[in-house]
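Here are the chains, one letter per residue:
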Amino acid sequence: MKILYGVQGTGNGHISRARAMAEAFAQFPELEVQWLFTGRPPEKLFAMEAFGDYWWREGLTFVHKEGKIDQIATARQLNLSRLLKDIRELPVQDFDLVISDFEPVSAWAAKKRKRPSLGLGHQYAFNFSIPTPAFGWIARAIMKMFAPVKVSLGMHWYHFGHPILPPIAQAHSDPSQDEVPGANDGHVLVYLPFEHAAPLLRQLAQLPHQFTVYGLPTDQPKADNITLKAPSVDGFRADVASAKAVICNSGFELIAETLTLGKPILTRPLKGQFEQEANALALRELQLAKVVEHMDAITIGRWLEEHPKGVQITWPDVAGAIVYWIAKGRRNSPQELADSLWQAVIPGRQAVKSRRETESTAAPLDEVDTAEEIKGSEST
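Quick caveat: nothing in here was measured; it's all calculated off a predicted structure.

Student: Explain the environment of Thr218 here, please?
Tutor: Of note, Thr218 is situated in the loop between β10 (211–214) and β11 (226–229). Taking the C-alpha atoms as reference points, Thr218 and Pro231, separated by 13 residues in sequence, lie 9.7 Å from one another. Apart from residues no more than four positions distant in its own chain, Thr218 is found in contact with Leu228, Lys229 and Ala230.

Below, the structure written as structure tokens:
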């Protein structure tokens, strides 16, 4: 089977999810995958070895400024003629299936040519009734029409009673933490790429904590308690694993991965971004993280002084289960796939279930907590 897999490259979460899917696809050589990335300049893509000779198109993206969406700048940078040309010329007719991780060029090309299409990703969970802010019809229409597909597999931290899958989240393991007492007493990991760099660094400089910061230019002036790091997949995972806490925007993938380690999370949604504001609402409802409106020294300092506790969740091998489902002809319904995966979600456990263990789980686990108990405490 030949598959065209489109990935929205605006956020690192989409690419992180794609890396997990690429690893799962490698177990099924009969599935030939051609990767397509849009939404980010090609020179800003990094650690792309897993995707082989991938394609790139300009696609669509949002412009952000100082922690919020800049709607005027977003409209100005839209090259509609280029987008329509890319959709028209994408050779989707050469593929048996088009997969879109909320990627508009591949999704719309498949729709126009009436090719089979499958949507994978967090954004497709918004096809169902889940916690969302009171946004107007324009924002909701954009979410629905941005990357339309025939069949979708949405993902979220909870299913909310719908055929929504758990996240594709790889644990950021650090074996040294099991051996060294106090291994989590060190730095705080900060990933706030949408914030204005200079004011954020000034706020962090006022606090008596060590901060490891990703997502900002590394040549910024900084205080001695701040380490600025360039993008690195392995380095970032190691720093998340060894951190005592994580401070981030309300993107989906990083929070899902942080939950595998049980780290406390302080998060601020990107203003005007429907998905992140909805994520913040869900995080409050599920009590999985502390959601705030501002990232300043007072807010961060008070939170760290409270010695917050994290919520730990072990997600099953969702990527492996999806690829297996595709390889076997997608005979089971999305609801059946979702049910089997949620039965394998384990709050408070370390061991990650393999794909074969996930497939064999046909009934709720009697020995462990179930997905119905995914909820933190008021002190999270």
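Student: Just checking my understanding: could you explain the sheet that holds strand β8 (residues 151–154) for this structure?
Tutor: Across a sheet, paired strands are connected by hydrogen bonds in the backbone, their directions being either parallel or antiparallel. In space, the six strands of this open sheet follow the order β3-β2-β1-β6-β7-β8, with parallel pairing throughout. On the outer flanks of this sheet lie β3 (55–56) and β8, each paired with one strand and no other. Pairing geometry for strand β6 (residues 97–101) and strand β7 (residues 117–121), over three bridges, is parallel. By the bridge assignment for β7, Ile99 is matched with Leu118. The sheet strands contacting helix α4 (residues 104–113) are β1 (2–8), β2 (32–38), β6 and β7, and the helix crosses β6 at an angle near 145°.

Student: Even after reading the chapter, I still don't get a nonpolar patch on the surface, so can you show me in this structure?
Tutor: On the surface, Leu78, Leu80 and Leu84 cluster together into a nonpolar patch covering about 270 Å² of accessible area. Summarising the element assignment, Leu78 is placed in the loop between α2 (71–77) and α3 (80–89).

Student: Sorry if this is basic, but what is going on with the pairing of β2 here?
Tutor: A large share of β2 lies buried, amounting to five of its seven residues. The handedness of the β1 to β2 crossover, carried by helix α1 (residues 12–25), is right-handed. Sheet analysis places β2 next to β3, joined by two bridges and oriented parallel. Paired with Phe37 across the strands is Trp56, a residue of β3.

Student: Sorry, what's going on with the packing of α1 against helix α11 (residues 318–327) here?
Tutor: Two numbers describe a pair of packed helices, the interaxial angle and the distance between the axes. Where α1 contacts α11, the two axes come as close as 9 Å, and the packing angle between them is 50°. One element, α1, and the other, α11, form an angle in the oblique class. The crossing of α1 and α11 is right-handed. Only Ala319, Gly320, Ile322, Val323 and Ile326 of α11 make contact with α1, whose side of the interface consists of Ala20, Met21, Ala24 and Phe25.

Student: Help me understand the nonpolar core in this model?
Tutor: The nonpolar side chains of a soluble globular protein tend to be buried with one another. Among the nonpolar cores identified, the biggest contains 90 residues, and Met21, Phe25, Trp35, Trp157, Ile322 and Ile326 are the most heavily contacted of them. Dropping the residues within four chain positions of it, Met21 is found in contact with Tyr5, Trp35, Leu120, Ile168, Ala319, Ile322 and Val323.

Student: Please clarify how the pattern of salt bridges should be interpreted in this entry.
Tutor: When their charged atoms lie close together, side chains carrying opposite charge are able to pair. Enumeration over the complete set of coordinates arrives at eight salt bridges. Taking the shortest distance from any N to any O, the salt bridge between Lys85 and Glu89 comes out at 3.0 Å. In this pair, Lys85 and Glu89 both sit in helix α3, four residues apart, roughly one turn of the helix.

Student: What is the right way to read the pairing of β11 from this model?
Tutor: Moving residue by residue along a regular strand, the side chains alternate between the two faces of the sheet. Of the two faces of β11, only one is covered, namely that formed by Ile226 and Leu228; the face formed by Thr227 and Lys229 stays uncovered. Where β10 lies against β11, four bridges are found, and the strand directions are parallel. Counted as the bridge partner of Val213 is Leu228 from β11.

Rules of the game
- Residues numbered from 1 in each chain as written.
- Predicted model: local features only at pLDDT ≥ 70, side-chain atom pairs only at ≥ 80, totals over all residues.
- Heavy atoms only, no water.
- Helix = DSSP H or I, 4+ residues; strand = E, 2+ residues; numbered from the N terminus.
- Contact = heavy atoms within 4.5 Å.
- Pairing = 2+ DSSP bridges.
- Axes fitted to C-alpha atoms, helices over the stretch in contact; angles between N-to-C directions.
- Patch = residues over 30% accessible without salt bridge, like charges linked within 9 Å, V, L, I, M, F, W, Y side chains within 5 Å.
- Areas by Shrake-Rupley, 256 points an atom, 1.4 Å probe, with all protein chains shown as cover.
- Salt bridge = Lys/Arg side-chain N within 4 Å of Asp/Glu carboxyl O.
- Buried < 20%, exposed > 50% of the residue type's maximum accessible area, 1.4 Å probe, protein only.
- Right-handed = clockwise from strand over helix to strand, strands pointing away.
- Parallel < 35°, antiparallel > 145°, perpendicular 65-115°, else oblique.
- Left-handed = near helix turned anticlockwise from the far one by under 90°.
- Core = buried A, V, L, I, M, F, W, Y, C linked by side-chain atoms within 4.5 Å.

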